[in-house]
Amino acid sequence: MSVKHYHHHYRFSYRTSLRRHFTLLILIVATIVFISIVVIKSLFPESVFDVKQISIIDIVIATINTLIRLTIAYFAALIISVPLALGITKNQTLEKFLLPMFDILQSIPVLAFFPIIVVAFVKANFLEGAAIFIIIIAMIGSLVFSMIGGLKTIPEDITNSAKVYGATGFKRLWYVTLPSIFPYIVTGSLLAWSESWSIIIVAEALHTYIPNGLPKDDLFGLGSLLVDSFSQGQNAVFITSLSTLIIVITLFNYFVWQKLLHVAERFRFD
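Below you will find a few notes about this structure.

Another point: the nonpolar core. With 55 residues, the main nonpolar core has Ile134, Ile135, Met147 and Trp193 as its most contacted residues. Where this core is concerned, the elements lending two or more residues are α2 (56-90), α3 (92-107), α4 (114-123), α5 (127-151), α7 (169-204), α8 (222-231) and α9 (235-264). In terms of residue count, α5 provides more of this core than any other element does, 14 residues in total. Excluding its chain neighbours within four sequence positions, the residues that come into contact with Met147 are Leu78, Ser81, Val82, Ala85, Ile181 and Ile185.

So, in structure tokens, the structure goes:
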């Protein structure tokens, strides 16, 4: 068997195995969610575990709201991260200044800034902005560091070829740089979204950061449903919201990020 044939066979086997593992993961998660609902329902009286506390439509709307906030924050973070990573790798002064700053910011919990952010956006009467802004901050670090790693691995012959064929400016960015770092963008995006799923729970429950705030001040989404239902003892709402969040994260990872990781393999330099 030739080396090339073996390489493709290995890659095919790896991808097939990966798909099977994630299919198994979905089944395991679904089983855990089902068992959790059965166990908790058996622990609480029927009057407490009232499934009428929330409708399916409410859960769907909450899920859509959360995904919209995360998507807006992601694309905003991506747009900010690309020029930041390019600037850091091309300018040594920026690299010496910004990289240590990002290291420091990465070590500080992002939620430490949240009370100040909320107060600022409350004064502007733009609470949606507070949630989106804190998610952007949580995502940028993973994206920037991944992109910097990708930019530093672009072979010199690729860069030289782009110069020979006159690919400069936006043309070089679109046809050479972005495809070259695409695997690193996908990896950074996966890490960024993983971080954002935990942040969204706090980002939507704004009343704890607003002076004299009430649950009605929260942004409606899966995160606020989890926090408010737990604090108010609404077990049905809490379990339904938690189950939905677990299922959405699992499906999102399988149908979005795993597919993109497979596509990204085509752009890697062997």
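The next thing to look at is the pattern of salt bridges. Applying the stated criterion to the full structure yields three salt bridges. One salt bridge in this structure joins Arg69 and Glu204, with 2.8 Å as the shortest N-O distance. Of this pair, Arg69 sits in helix α2 while Glu204 sits in helix α7, placing them 135 residues apart in sequence. By the burial criterion, Arg69 is buried, and Glu204 matches it. A network of salt bridges, in which partner residues are shared, links Arg69, Glu128 and Glu204.

Before going further, it helps to examine the packing of aromatic side chains. Counting across every chain of the model gives 13 aromatic pairs. With a centroid separation of 5.2 Å and an interplanar angle of 65 degrees, the aromatic rings of Tyr74 and Phe75 are classed as edge-to-face. A residue is classified by how much of its surface remains accessible, and Phe75, at 45% relative accessible area, is partly exposed. Measuring from ring centre to ring centre gives 6.3 Å for Trp197 and Phe252, while their planes differ by 80 degrees; the resulting arrangement is edge-to-face.

Criteria and cut-off values
- Residues numbered from 1 in each chain as written.
- Predicted model: local features only at pLDDT ≥ 70, side-chain atom pairs only at ≥ 80, totals over all residues.
- Heavy atoms only, no water.
- Core = buried A, V, L, I, M, F, W, Y, C linked by side-chain atoms within 4.5 Å.
- Buried < 20%, exposed > 50% of the residue type's maximum accessible area, 1.4 Å probe, protein only.
- Helix = DSSP H or I, 4+ residues; strand = E, 2+ residues; numbered from the N terminus.
- Contact = heavy atoms within 4.5 Å.
- Salt bridge = Lys/Arg side-chain N within 4 Å of Asp/Glu carboxyl O.
- Phe/Tyr/Trp six-rings, centres within 6.5 Å; stacked < 30°, edge-to-face > 60°.

Geometric descriptors of this kind do not, in isolation, establish any biological role.
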